[in-house]
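As a plain string of letters, each chain reads:
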Amino acid sequence: MNHRPRRLRKNAAIRSLVREKELNISDLICPVFVTEEKNIKREIPSMPGQFHFSLDRLGEEINEIVEPGIKAILLFGLPEYKDEIGSSAYSKNGIVRQAVGLIKEKHPDLFVITDVCLCQYTSHGHCGIIDDNSVDNDKSVEILAKVALSHAQAGADMVAPSDMMDGRVGAIRKTLDKNNFEDVSIMSYSAKYASAFYGPFRGAVNSAPSFGDRKTYQMDPANSGEAVKEAGLDLQEGADILMVKPAMAYMDIIYRFKQDFNVPIAAYNVSGEYSMIKAASLAGYLDEKQVVMEAMTGIKRAGADLIITYFAKELAKWLS
Ligand code: PBG
């Protein structure tokens, strides 16, 4: 036999010599939920091990994130006040603005990315402005640009629009540039699918739409050519990083983006993917560490350069 691939699997040393992909702590982005209440560290029931933090207790969490060497966070705000246009998403003392300010004061080197969307902030729970019972694209884009600007003014390093309106990346880029924030980058949720895997997140941030669904703006899970089209448009409009979301049921999209586009690709390992593994591990059906390492390595192997995951803190400890 000339071919014996097992020769290169003979022991741990040779396996590590020929290993093609390796997870690094510096690949990880850790999501953080900040609420406008006081003295809160509240576990999210559908996401065991994940918490809401109020501003006065946010420092505890940030220290735990920074300690094992995680370099970046993705911030989500939970406002007290909601209205039709999501005005608390860009108000002067909006929750994300306050959180960014606090974090940057103590950890100027932590890379702070903010989620730019309206669903947590609108009374109807849609990611844009409602006109005549449907989401009005261009009115929504105007507000989203304001939200992104307000985050940049507070000191965000990068904004991540997750709304899936047409033209939002271009509008945000233009607004940021006009206000001298040329250095604030954009990670676009380019291929964000209308996915049931967001279920635990929506419960967590109380953002489920009060009528209809998100299928008129988020993508049909059956489509991949359309994802490439979305990504191409985002790049033309000025996106710096392209994201695929969710990750594990969309590995082909991650792979295609990496083949087709010469920019960093991010994958969002979403709430439902986290909760599935967590629940099975808590029930004793799976070995959490091994399954998480395998899943994340798979996401990297598919082509992701960056991984947004609720497992970030655990992974960072395992990897260090
Ligand atoms: C806001 C937003 C969502 C997620 C990230 N940003 C929810 C949604 O679109 O319904 C999902 C995150 C997750 O499930 O972990 N638009």
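Scroll up a little and you will see the structure.
Conventions and cut-offs
Going along each chain's sequence as written, the residues are numbered from 1 onward. Since the coordinates come from a predicted model, pLDDT governs what is reported: local features require at least 70, and pairs of side-chain atoms require 80 or more to be given and counted, while whole-chain, interface and lining totals use all residues. Think of the side-chain values as coming from all heavy atoms in the structure, minus any hydrogens and water. The buried label applies to any residue whose accessible area, calculated with a 1.4 Å probe on protein chains only, is under 20% of its type's maximum; exposed applies above 50%, and partly exposed to all values in between. Secondary structure elements follow DSSP: runs of H or I of four or more residues count as helices, runs of E of two or more count as strands, with numbering from the N terminus. DSSP calls a pair of strands paired once it identifies at least 2 bridges connecting them. Consider the strands pointing away from the viewer: the crossover is right-handed when the path from the first strand over the helix to the second runs clockwise. Patches here are clusters of residues that have more than 30% relative accessible area and form no salt bridge, with a 9 Å joining cutoff for like charges and a 5 Å cutoff for nonpolar side chains (Val, Leu, Ile, Met, Phe, Trp, Tyr). The accessible surface values rely on the Shrake-Rupley method and a 1.4 Å probe; as for residues, cover is taken only from the protein chains in view. One speaks of a salt bridge when a side-chain nitrogen belonging to Lys or Arg is within 4 Å of a carboxyl oxygen belonging to Asp or Glu. Here Asp and Glu are counted as negative and Lys and Arg as positive; His is not counted, and neither are the chain ends. In this description, the location of a charge corresponds to atom NZ of lysine, CZ of arginine, CG of aspartate or CD of glutamate. Relevant arc is that of directions from the helix axis to the C-beta atoms, nothing else. We call two residues contacting when some pair of their heavy atoms lies within 4.5 Å. Distances are taken per atom, and a residue is near a molecule or strand as soon as one of its heavy atoms is within 4 Å of it. Two N or O atoms form a polar contact when they lie within 3.5 Å of each other; inside protein one atom must be a possible hydrogen donor and the other a possible acceptor, and for residues adjacent in sequence the pair counts only when both atoms belong to side chains. Under the grouping applied here, Gly and all other residues not named as nonpolar or charged are polar, the nonpolar ones being Ala, Val, Leu, Ile, Met, Phe, Trp, Tyr, Cys and Pro and the charged ones Asp, Glu, Lys and Arg. In a helix, the anticipated span is given by 1.5 Å times the number of residues less one. Lines are fitted to the C-alpha atoms to define the axes, a helix being fitted only along its stretch in contact, and any angle between axes, read from their N-to-C directions, falls within 0 to 180 degrees. When describing relative orientation, an angle under 35 degrees is termed roughly parallel and one over 145 degrees roughly antiparallel, while 65 to 115 degrees is termed roughly perpendicular and anything else oblique. By convention, the crossing between two helices is left-handed when the near helix turns anticlockwise from the far helix through less than a right angle, and right-handed when the turn is clockwise. Our working definition of a disulfide is a cysteine sulfur pair at a distance within 2.5 Å.

## Regarding the pairing of strand S9 (residues 185–192)
Thinking step 1. The buried fraction of S9 is high, at 8 of 8 residues.
Thinking step 2. In the sheet, strand S8 (residues 158–161) pairs with S9 via 2 bridges, with the strands oriented parallel. In the sheet register, Met158 faces S9, and the bridge partner there is Ser185.
Thinking step 3. Handedness of the crossover joining S8 and S9 through helix H5 (residues 168–178) is recorded here as right-handed.

## Notes on a positive patch on the surface
Thinking step 1. On the surface, Arg4, Arg6, Arg7 and Arg9 cluster together to form a positively charged patch.
Thinking step 2. Mapped onto the secondary structure, Arg7 falls in the segment before helix H1 (12–17).
Thinking step 3. For Arg7, a relative accessible area of 51% gives the class exposed.

## Details of helix H11 (residues 312–319)
Thinking step 1. Three or more residues of H11 are buried, namely Ala312, Lys313, Leu315 and Ala316. All buried residues of H11 project into a common sector of 160° when viewed along the axis, lining one side.
Thinking step 2. The elements touched by buried residues of H11 are strand S1 (28–35), helix H2 (58–66), helix H10 (288–302) and strand S12 (306–309).

## With respect to the site of the ligand
Thinking step 1. What surrounds the ligand is a group of 17 residues, the closest being Lys192, Arg202, Lys245, Ser271 and Tyr310.
Thinking step 2. Asp115 is positioned with one of its side-chain polar atoms (N or O) 3.5 Å from a nitrogen atom of the ligand.
Thinking step 3. Residues of the shell around the ligand, tallied by class, amount to 9 nonpolar, 3 polar and 5 charged.

## Let's talk about helix H9 (residues 271–282)
Thinking step 1. An ideal rise of 1.5 Å per residue puts 16 Å on 12 residues; H9 measures up with 16 Å between its terminal C-alpha atoms.
Thinking step 2. Of all 12 residues in H9, 9 are buried; the element is thus mostly enclosed.
Thinking step 3. Taken together, the buried positions of H9 are occupied by Ser271, Gly272, Glu273, Tyr274, Ser275, Ile277, Lys278, Ala280 and Ser281.
Thinking step 4. Buried positions along H9 lie against helix H6 (199–205), strand S11 (265–269), H10 and H11.

## As for the packing of helix H7 (residues 225–237) against helix H8 (residues 251–260)
Thinking step 1. Where H7 contacts H8, the two axes come as close as 10 Å, and the packing angle between them is 45°. By the angle class used here, H7 and H8 are oblique. As for the relative orientation of H7 and H8, their crossing is right-handed in sense. Where H7 approaches H8, its residues Gly225, Ala227, Val228 and Ala231 are matched on the opposing element by Ile253, Arg256, Phe257 and Asp260.
Thinking step 2. For the contact of H7 with H8, a count of residues per class yields 5 nonpolar, 1 polar and 2 charged.

## A short note on the state of the cysteines
Thinking step 1. According to the stated counting rule, one finds 0 disulfides in the structure shown.
Thinking step 2. Sulfur of Cys30: no disulfide; nearest cysteine sulfur belongs to Cys119 and is 19 Å away.
Thinking step 3. Using a relative accessible area of 2% as the deciding quantity, one classes Cys30 as buried.
Thinking step 4. For the unlinked cysteine Cys119, the closest cysteine sulfur is that of Cys117, found at 3.9 Å.

## Considering the environment of Asp27
Thinking step 1. Along the polypeptide, Asp27 turns up in the loop between H1 and S1.
Thinking step 2. With 237 residues separating them in the primary sequence, Asp27 and Pro264 have C-alpha atoms 11 Å apart.
Thinking step 3. Those residues in contact with Asp27 that sit more than four places away from it in its chain are Glu22, Lys300, Asp305, Leu306 and Ile307.
Thinking step 4. Separated by 2.7 Å, the side chain of Asp27 and the backbone nitrogen of Asn24 make a polar contact.

## As for the environment of Leu242
Thinking step 1. Among the secondary structure elements, Leu242 is positioned in strand S10 (residues 241–245).
Thinking step 2. A relative accessible area of 0% places Leu242 in the buried class.
Thinking step 3. Sequence separation between Leu242 and Ser190 is 52 residues, and the spatial gap between their C-alpha atoms is 5.8 Å.

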